[in-house]
Amino acid sequence: MTISTTSEKFSPDWSIIGFMAFLHIGALFALLPSNFSWTAVGLALLLHWITGGLGITLGFHRMVTHRSFQTPKWLEYFLVFCGTLACEGGVCDWVGLHRIHHLHSDNEQDPHDSHRGFWWSHMGWMLHNLPIRSEVPRYIKDIADDPVYKFLQNNFIPIQIAFGILLYLVGGWSFVVWGIFFRIVAVFHCTWLVNSATHKFGYRTYDSGDDSTNCWWVAVLTYGEGWHNNHHAFQYSARHGLQWWEIDTTWMMIQLLQALGLATNVKLATK
């Protein structure tokens, strides 16, 4: 099934378009020899894991959106803070839109419905004014009144600016280019591949009622999120890689937290 492009249906959100253009142009400065250092590259890789792995995958997604495990409140807030540094919007918006996605996966009410094409599901959807965004408050009643979540929701850009200033003071412009711009864009596209590539490429183990797939190379880039068909079949499961060859490093992190007594009420798929 293919639906025509969305520009005829939804108006562009120029503030988001400008923001995305700014970040992507900034990331291009990593190509300049004057901004290159192996220390800066190492910083970008470390922050990719902290913000994309611990923050988005472990925190925003498995812990908050799906409540697949619980942690002490201090650790929950730390993981959500790491996700806020990924700069993928406010945590409340992120969680609400993802819950809507699961409720209406690959249907017209799905914000990044893959039937609208790869570009739309990858990033086109967020560049438009979608009426479904007004429905987000209905889906985040468990976090909407939490003062920490509210602060992080409303201040994710000032937090990023402050972090950029800190990196500049520590390592100069190369740290800013690699640790902020390049890292943010890299985490963006890795995350977005879960919406696009894992609804197009790979294999299907379960009939999940949508087009979700298991895609090994997306799993590598996203710390286990590429086993997306498994996830859509068992949304509550803390473990996404359900076969021995489906390596899920985020699940390994949850196991470590469980061994340390920091992860409880861990939910798993029942076959």
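Residues numbered from 1 in each chain as written. Predicted model: local features only at pLDDT ≥ 70, side-chain atom pairs only at ≥ 80, totals over all residues. Heavy atoms only, no water.

Lay out the overall build of the protein with the relevant residues and their values.
When its secondary structure is counted, the protein shows 11 helices and zero strands. Mapped from its N terminus to its C terminus, the protein presents α and β elements in the order α-α-α-α-α-α-α-α-α-α-α. Projected onto its principal axes, the C-alpha positions of the protein cover 50 × 50 × 40 Å. Here the protein holds 271 residues, and the buried ones make up 56% of them. Partitioning the contacts of the protein with sequence separation of at least 6, the portion at a separation of at least 24 is 69%. Surface summary for the protein: the accessible area is close to 12700 Å², and the carbon and sulfur share equals 67%. Of note, the protein has its 16 positive side-chain charges centred 4 Å away from the centre of its 19 negative side-chain charges. (Helix = DSSP H or I, 4+ residues; strand = E, 2+ residues; numbered from the N terminus. Buried < 20%, exposed > 50% of the residue type's maximum accessible area, 1.4 Å probe, protein only. Contact = heavy atoms within 4.5 Å. Areas by Shrake-Rupley, 256 points an atom, 1.4 Å probe, with all protein chains shown as cover. Lys, Arg positive; Asp, Glu negative; His and termini not counted. Charge placed at Lys NZ, Arg CZ, Asp CG, Glu CD.)

A description of the UniProt feature "domain: Fatty acid desaturase" (unreviewed entry) in the protein should follow, citing residues and the corresponding values.
The feature "domain: Fatty acid desaturase" (unreviewed entry), as annotated in UniProt, sits at residues 37-251 in this numbering. End-to-end, the C-alpha atoms of residues 37-251 are 32 Å apart, and along that stretch the chain is 56% helix and 0% strand. (UniProt positions renumbered as here; feature names shortened; annotations may be inferred.)

Describe unusual backbone geometry, naming the residues involved and giving the relevant values.
One non-glycine residue with positive phi stands out, namely Asp-106, at about 60°. Here Asp-106 is to be found in the loop between helix H4 (91-103) and helix H5 (118-122). Among the residues examined, Asp-106 registers a relative accessible area of 4% and is labelled buried. Despite not being glycine, Tyr-223 has its phi angle at roughly 60°, a positive value. Note that Tyr-223 resides in the loop between helix H9 (216-221) and helix H10 (228-233).

A description of the packing of helix H1 (residues 14-28) against helix H8 (residues 173-196) should follow, citing residues and the corresponding values.
Each packed pair of helices is defined by two parameters, the angle between the axes and the distance between the axes. Look at H1 against H8: their axes get within 8 Å of each other, and the N-to-C directions meet at 120°. Here H1 is positioned oblique relative to H8, judged by the angle of their axes. Where H1 crosses over H8, the two elements pack in a sense that is left-handed. Where H1 abuts H8, its residues Met-20, Phe-22, Leu-23, His-24, Gly-26 and Ala-27 lie against Val-177, Phe-181, Phe-182, Ile-184, Val-185, Phe-188, His-189 and Trp-192. Tallied by class, the residues present in the contact of H1 with H8 amount to 11 nonpolar, three polar and no charged. (Axes fitted to C-alpha atoms, helices over the stretch in contact; angles between N-to-C directions. Parallel < 35°, antiparallel > 145°, perpendicular 65-115°, else oblique. Left-handed = near helix turned anticlockwise from the far one by under 90°. Nonpolar A, V, L, I, M, F, W, Y, C, P; charged D, E, K, R; others polar.)

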